[in-house]
Amino acid sequence: MSEPTPDAAHDPVPPAPYPAPAGGLGALRSTAVHVLKNRGAVRNVLSLFRVNQPDGFDCPGCAWPEPKDPSRVAEYCENGVKAVTFETTAKRVAPDFFARHTVGWLRGQTHHWLENQGRLTQPMRYNRATDRYEAVSWDDAFALIGRKLRELDHPDRALFYTSGRTSNEAAFLYQLFARRFGTNNLPDCSNMCHESSGCALTEAIGVGKGTVTLEDFDHADAIFVIGQNPGTNHPRMLTELERAAERGAKVVTFNPLREPGLVRFTHPKHPFRMVFGKGTAISTHYYQVLIGGDLAALTGMCKHVLEAEAADPGKILDRPFIAAHTDGFETFADEIRRADWATIEAQSGLTRDQLREAAEVYMKADRVIACWAMGLTQHKHAVATIRYVVNLLLLRGNIGKPGAGACPVRGHSNVQGDRTMGIIERPAAAFLGSLKQVFGFDPPHHHGHDVVGAINAMADGSARVFVGMGGNFAAATPDTEMTEAALARCALTVHVSTKLNRSHLIPGADALILPCLGRSEVDAQATGPQRVTVEDSMSMVHASAGKNPPASAHLKSEVAIVCGMAKAALPAGGGIDWAAFAADYRLIRDKIADTLPHLFADFNRKIETPGGFYLGNPARDRTWNTATGKARFTAHPVPDMSLPPGQLRLMTIRSHDQFNTTVYDVHDRYRGVHGTRMVVFLHPADVAARGLAEGQEVDLHSHTPEDGLTRTARGFRVVPYDIPRGCAAAYFPETNVLVSKDSIARGSRTPVSKFIPVTVTAAAGG
Ligand SMILES: Nc1nc2c(c(=O)[nH]1)N[C@H]1C(S)=C(S)[C@@H](COP(=O)(O)OP(=O)(O)OC[C@H]3O[C@@H](n4cnc5c(=O)[nH]c(N)nc54)[C@H](O)[C@@H]3O)O[C@H]1N2
Ligand SMILES: Nc1nc2c(c(=O)[nH]1)N[C@H]1C(S)=C(S)[C@@H](COP(=O)(O)OP(=O)(O)OC[C@H]3O[C@@H](n4cnc5c(=O)[nH]c(N)nc54)[C@H](O)[C@@H]3O)O[C@H]1N2
Ligand SMILES: [Mo]
C-alpha cells in the first residue's frame, strides 16, 4: 500500500454529546480537517472559491438552490466543501492499484476505505482468471459494450441506471441511447429517493416538483420541516431557516430524533456569533413523532383545523380557494372527522395537545411552506402521507401564493434535472412523441424496470447487461446480498464512475469500470471547453463549467462515454450523429429545446442569464394538470403501524461524514458519534429493557412480513439517544442488508428504508 488512508489521522472534535450549536466553529474546523487530510489541499481550496460562483461549477453536493442575492452568492457549506475536496483529491486509483489487489481482497474493505483510495484514472476490464481489473483501451471497452448489447435477444435485457449527479446533457443523451436501443429500462436513484413525492404531487397538484422558490422562504410565516435533517444533508437550507427564525417566523419540526442541527445553528459566516453566541434557535416547535407516525400526526393536525373551523365557521379554512381550486374536500373531511384521537395519539406518538399546538401555528400563519425529505418518502404509506401534507396546505390555500407551498427537498445535485431530461422508466406519451418527432424513430412505449424491478430482472436472468451512469447500485439498493447476487449473474456490468466503490467489486461475467470527469474539471472537446447544465430542487436551471485539470489524461466526460457506447451499440449510430454531440454540447441543448420546447426554448441563450433560469411550475400559478383539473384532496385512514412485542422500528439514515454510499469519514459530529459508523441509536429504556448497556456490541435482525425472512447485520454498538421508545436508527448503507427488496412503498415502489422491523440482541458470542 502506497500511503496511509485518511482515517489514520484523527479529527480533533469534542466527545459526545456535541455541545455547541450545529454549524459554526465546529463546521469550519471539520472542513479544514477534511481539506488538510487530503493531498492537493491548495488546489482544493482554490477550487472551493468557484463553488456556486456565476462562472464556476455547480456544487456536486445536494440540490439546494443558490441564493440570487449577489452578496450571498459565495455561501458555501461544509458538506459542499467535502464533496469538492473528495472529488479533487490528489490520490489515484491507477492500473498498478488493481495489479496489487484482487477484487476478492477489495471486497473485504469498507466503503470508507474504497472511497479514500482516490480518483479512477483509466478504463479497466475485469479478468476472471486473475480476479483483477486490467487496463483496457476506450475503443476496446466500447466495442465490448456494443457487442454484448447487440448479442441480447431483446433490448429489455439491458438496464441503464442513473445516479443524480449526471448533467442534463449527459442524461438527455443517455435516455436517447436507451430508447433508440429499444428499452425504457431507465431505473434511477429517484426510485429510492423522492419517487413517493413525485407520485403524490403529480396526483394531487399535477406536477411532481416542489412549488416554492428560494424567495418564498423570505415571506413564509411558518415553515414545517418534516422527516428531514438539513444540518447534515442540506446545510445551506439552515441559512434560510435561521433567517426565517430571526424575523419571527415559526419553524416546526417533525422528527423522531432530536437533530442538533434543527435545534440550534450558527452560520459559519458569522464568526462573531460563532465564538460568543449560542447560535440561533432554529425550531420553534419540535415534535418527536414515531417513525412512520406522520400520517397519523397530519391527520391529527387536520382534525384540529377542521374543529377550529366548525367552532368559528368561515374563519379558518380558505373556503373560496377550496371551492374554486380543489375537489375531494368533503370525502377528506369525513375521513378526518372519523379518525379518533386515541388512534391518532397511539400511532403518531404525539398527544392531542401537541398536535393542537402545531395546528395553531399552522392556522395563525398566512403563508406556510412544508419541506420534507427521506423521513417521509421511504415508508410504506409514503405517498398517502405526502398527499396529507398537500391536504394540510390546501386547507388554507397554501399552494400558489407567495411565501407558501410544497417543498420536497431533493437529494443529488441534478436528480430533478435527470427526470426532466427523460430518465424515467415510465415516460409520458407526450415526451415519447416529441422524441419521435425530433429524432425520427419510434421509441418503446411499454414501461421499463425501476430499481426494484431491475434487481428482480437481474436475479431471474431476464436482464443481462447492467450499465450504471454514476452511483453505487450494489450499496445504495436494498437487500445487499440478494442485489449483489443479482448483479453477479449479469453477462456484463459497466460502471461510469469517478471513484472506486462497492459496485465495481461485484462483476458480471464481464465487467468494465469507465472513469469519467468530475464536475469540477475542465471538459475539453473538439470545439473547446464545454459547459453542462443542472436543475436544482426549486427548478432553477444553470450552467456549470469545471476549472480544474482532469484527474487523469485518460478520463472522458459522461457525454463522451454515452456517445461512445451508443456508436458502438447502434448500427450506424441509429441515425443519430453522436460524434457531433460529443464535440459540441450546444447541439445537445438545441435538441433538448426541440424536445421540450415549453421548458427549454432558446436554451443556449437562457443559460447566459446569471444565476440561471426558472422552469416554472404550473401549480404555483394554480394551474392544476391533474385528472380533474383541480388540486385534489385525498382521504386515507390512519394506518396501524404497530409491531409485534419486542420489535423496534429501525430507520437507516445518513451521518454527517457521508454522501450516500460515499463515506468521507467515520464520525457523525452533530450526533456526537466519533470513530465508528457501526452504531445503533436506541431510547435508554429500550436499552435497559433488553438488558443491554451503552457501548455494548449487538446484532440487528430484521423481520419483514413481505417475505417472512430474517436478515442479520452484526457488530453494532449501542448509543442511548433522544429518540422515542420503540424507535431505532443506524446508518445506511451498512444496514441495507436488513432491507427486504419486497418491502416497498405503495404507489411509488420506493424501498422502505425508514421502517425496518428489527430485534436487537447482544452480539452472538460477544
Ligand atoms: N452531506 C450530505 N448531503 C446529502 C446527502 C448525504 O448523504 N450527505 N444525501 C443527499 C440525498 S441523495 C438525499 S435524498 C438527501 C437526504 O436528506 P435527508 O432526508 O435529510 O436524509 P436522511 O439521513 O435519510 O434523514 C432523514 C431524516 O428523517 C428523519 N426520519 C426518519 N424516519 C422518519 C419518520 O418516520 N418521520 C419523520 N418525521 N422523520 C423521520 C430522520 O431522523 C432524519 O432526520 O440529502 C442529500 N444531501
Ligand atoms: N438504507 C437506505 N438506502 C438508501 C437510502 C437511505 O436513506 N437508506 N437513500 C437512497 C437515496 S435517497 C439515494 S439518492 C440512493 C443513492 O444512490 P446512488 O446515487 O446510486 O449512490 P451514491 O452513493 O450517491 O453514488 C456514489 C458513487 O457515484 C460516483 N460518482 C460521484 N460523482 C460522480 C460523477 O460526477 N459522475 C459519475 N459518473 N459518477 C460519480 C462515485 O463513483 C461514487 O462512488 O441511495 C438510496 N439508498
Ligand atoms: Mo436521494
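Residues numbered from 1 in each chain as written. Chains lettered and ligands numbered in written order. Predicted model: local features only at pLDDT ≥ 70, side-chain atom pairs only at ≥ 80, totals over all residues. Heavy atoms only, no water.

The helix and strand tally for the chain stands at 31 helices and 31 strands. Taken across its 766 residues, the chain has 64% of its residues classed as buried. Residue pairs at least 24 apart in sequence account for 79% of intrachain contacts in the chain once pairs closer than 6 positions are excluded. (Helix = DSSP H or I, 4+ residues; strand = E, 2+ residues; numbered from the N terminus. Buried < 20%, exposed > 50% of the residue type's maximum accessible area, 1.4 Å probe, protein only. Contact = heavy atoms within 4.5 Å.)

Glancing now at the site of ligand 1. Taken together, 31 residues form the shell around ligand 1, and within it Asn-255, Glu-259, Asp-294, Gln-658 and Asn-660 come nearest. Contact between ligand 1 and Asn-229: an oxygen atom at 2.8 Å from a main-chain N or O atom of the residue. At 2.8 Å from an oxygen atom of ligand 1 is found a side-chain nitrogen or oxygen belonging to His-379. The fraction of the free accessible surface of ligand 1 (920 Å²) that becomes covered by protein chains is 99%. (Near = heavy atom within 4 Å. Polar contact = N/O pair within 3.5 Å; in protein donor to acceptor, adjacent residues only side chain to side chain. Areas by Shrake-Rupley, 256 points an atom, 1.4 Å probe, with all protein chains shown as cover.)

Another aspect to go through is the site of ligand 2. Contacts to ligand 2 come from 30 residues, most closely from Tyr-161, Ser-163, Ala-476, Glu-558 and Thr-661. The side chain of Asn-501 places a nitrogen or oxygen atom 2.9 Å from an oxygen atom of ligand 2. A distance of 2.7 Å is found between a nitrogen atom of ligand 2 and a side-chain nitrogen or oxygen belonging to Glu-558. Coverage of ligand 2 by the protein amounts to 96% of the 930 Å² it exposes when considered alone. Partitioning the shell around ligand 2 into residue classes produces 10 nonpolar, 15 polar and five charged. (Nonpolar A, V, L, I, M, F, W, Y, C, P; charged D, E, K, R; others polar.)

Attention now goes to the packing of helix α14 (residues 294-311) against helix α18 (residues 352-364). The angle between the axes and the distance between the axes are what describe a pair of packed helices. Two numbers describe how α14 lies on α18: the axes approach to 8 Å, and their chain directions differ by 65 degrees. For the crossing formed where α14 meets α18, the hand is right-handed. Contacts between α14 and α18 involve Ala-297, Gly-300, Met-301, His-304, Val-305, Glu-307 and Ala-308 from the former and Arg-352, Leu-355, Arg-356, Ala-358, Ala-359, Tyr-362 and Met-363 from the latter. In the contact of α14 with α18, the residues fall into nine nonpolar, two polar and three charged. (Axes fitted to C-alpha atoms, helices over the stretch in contact; angles between N-to-C directions. Left-handed = near helix turned anticlockwise from the far one by under 90°.)

To continue, consider helix α7 (residues 138-151). With 14 residues, α7 should reach 20 Å at 1.5 Å per residue; the first-to-last C-alpha distance of 20 Å fits that figure. Residues of α7 that are buried: Trp-138, Ala-141, Phe-142, Leu-144, Ile-145, Gly-146, Lys-148 and Leu-149. (Expected span 1.5 Å × (residues − 1).)

Take the sheet that holds strand β6 (residues 158-162) next. With mixed pairing, six strands are arranged side by side in an open sheet as β5-β4-β17-β16-β15-β6. One side of each edge strand has no neighbouring strand; the edge strands of this open sheet are β5 (132-135) and β6. The sheet shows a mean angle of 20 degrees between the axes of neighbouring strands, taken without regard to direction. In this structure, β6 lies alongside strand β15 (residues 465-469), joined through five bridges in parallel fashion. Within β15, the residue paired with Leu-159 across the bridge is Phe-466. Across the sheet, helix α8 (residues 168-181) touches β6 and β15, and the angle it forms with β6 is around 165 degrees. (Pairing = 2+ DSSP bridges.)

For the rest of this paragraph, the subject is the layout of surface pockets. By rolling a water-sized probe across the atoms, one finds the places where empty space is left. Reported here for the largest pocket is a volume of approximately 1100 Å³. If you trace the largest pocket, you find 33 residues lining it, with Thr-202, Gly-208, Lys-209, Arg-419 and Ala-428 closest to the centre. Contributions of two or more residues to the lining of the largest pocket are made by α9 (195-205), α21 (415-420), α22 (429-439) and α29 (597-600). No other element matches α9, which puts five residues into the lining of the largest pocket. Residue composition of the lining of the largest pocket, by class: 12 nonpolar, 15 polar and six charged. (1 Å grid on protein atoms, 1.4 Å probe; cavity = no way out; pocket = protein on both sides within 12 Å on 5 of 7 lines; lining within 4 Å. Points joined across faces, edges and corners; volume = space filled by probe spheres on them.)

Relative to strand β31 (residues 756-762), strand β24 (residues 648-653) runs antiparallel, the two being bridged by three bridges. When the sheet's bridge partners are listed, Leu-648 is paired in β31 with Val-758. Pairing geometry for strand β28 (residues 697-704) and β31, over five bridges, is antiparallel. Within β31, the position partnered with His-701 by the bridge is Thr-759.

When the pLDDT values of the chain are averaged, the result is 91; 90% of them are 70 or greater. Confidence drops under pLDDT 50 across residues 271-277; counting only partners more than four residues distant or on other chains, this segment forms 11 contacts. (pLDDT = per-residue confidence, 0-100.)

Next up on the list: the environment of Asp-657. Among the secondary structure elements, Asp-657 is positioned in the loop between β24 and β25 (658-659). Considering only alpha carbons, one finds Asp-657 and Arg-677, 20 residues apart in sequence, at a separation of 9.6 Å.

All right, on to the pairing of strand β13 (residues 368-372) then. Most of β13 sits inside the fold, with five of its five residues counted as buried. Where burial is concerned, the two faces of β13 agree: the one with Val-368, Ala-370 and Trp-372 and the one with Ile-369 and Cys-371 are both buried. In terms of strand pairing, strand β7 (residues 222-226) meets β13 through five bridges, oriented parallel. Note that in β13 the partner of Ile-226 across the bridge is Trp-372. Sheet topology places β13 next to strand β14 (residues 405-408); four bridges connect them, and they run parallel. Counted as the bridge partner of Ile-369 is Gly-405 from β14.

Structurally, Asp-418 is set in helix α21. Although Asp-418 is buried, it forms no salt bridge, and the closest oppositely charged side chain is Arg-519 at an N-O distance of 7.3 Å. (Lys, Arg positive; Asp, Glu negative; His and termini not counted. Salt bridge = Lys/Arg side-chain N within 4 Å of Asp/Glu carboxyl O.)

Our focus in this paragraph is unusual backbone geometry. Here the residue pair Phe-732 and Pro-733 is connected by a cis peptide bond, since its omega of 5 degrees sits within 30 degrees of zero. For Pro-733, the location among the structural elements is in the loop between β30 (727-731) and β31. With a phi close to 65 degrees, Ser-539 is a non-glycine residue in the positive phi region. Inspection of the secondary structure puts Ser-539 in the loop between β20 (532-535) and β21 (540-544). Look at Asp-602: it is not a glycine, yet its phi comes out positive at around 65 degrees.

Summed over the entire model, instances satisfying the criterion amount to 43 salt bridges. Arg-100 is the salt-bridge partner of Asp-96, the closest N and O atoms lying 3.1 Å from each other. Taken together, the residues span about one helical turn, with Asp-96 and Arg-100 both in helix α4 (residues 95-100) at a distance of four residues. Under the relative-accessibility criterion, Arg-100 is labelled partly exposed at 38%. For the salt bridge of Arg-396 with Asp-366, the shortest nitrogen-to-oxygen distance reads 4.0 Å.

With that out of the way, let us pick up the sheet that holds β20. Spatially, β20-β21-β22 is the arrangement adopted by the three strands of the open sheet, whose pairing is antiparallel. Strands with a single pairing partner mark the edges of an open sheet, and in this sheet they are β20 and β22 (613-614). Relative to β21, β20 runs antiparallel, the two being bridged by four bridges. Residue pairing in the sheet places Val-534 in a bridge with His-542 of β21. Of the strands in this sheet, β20 and β21 touch α8, which is tilted by about 90 degrees from β20.

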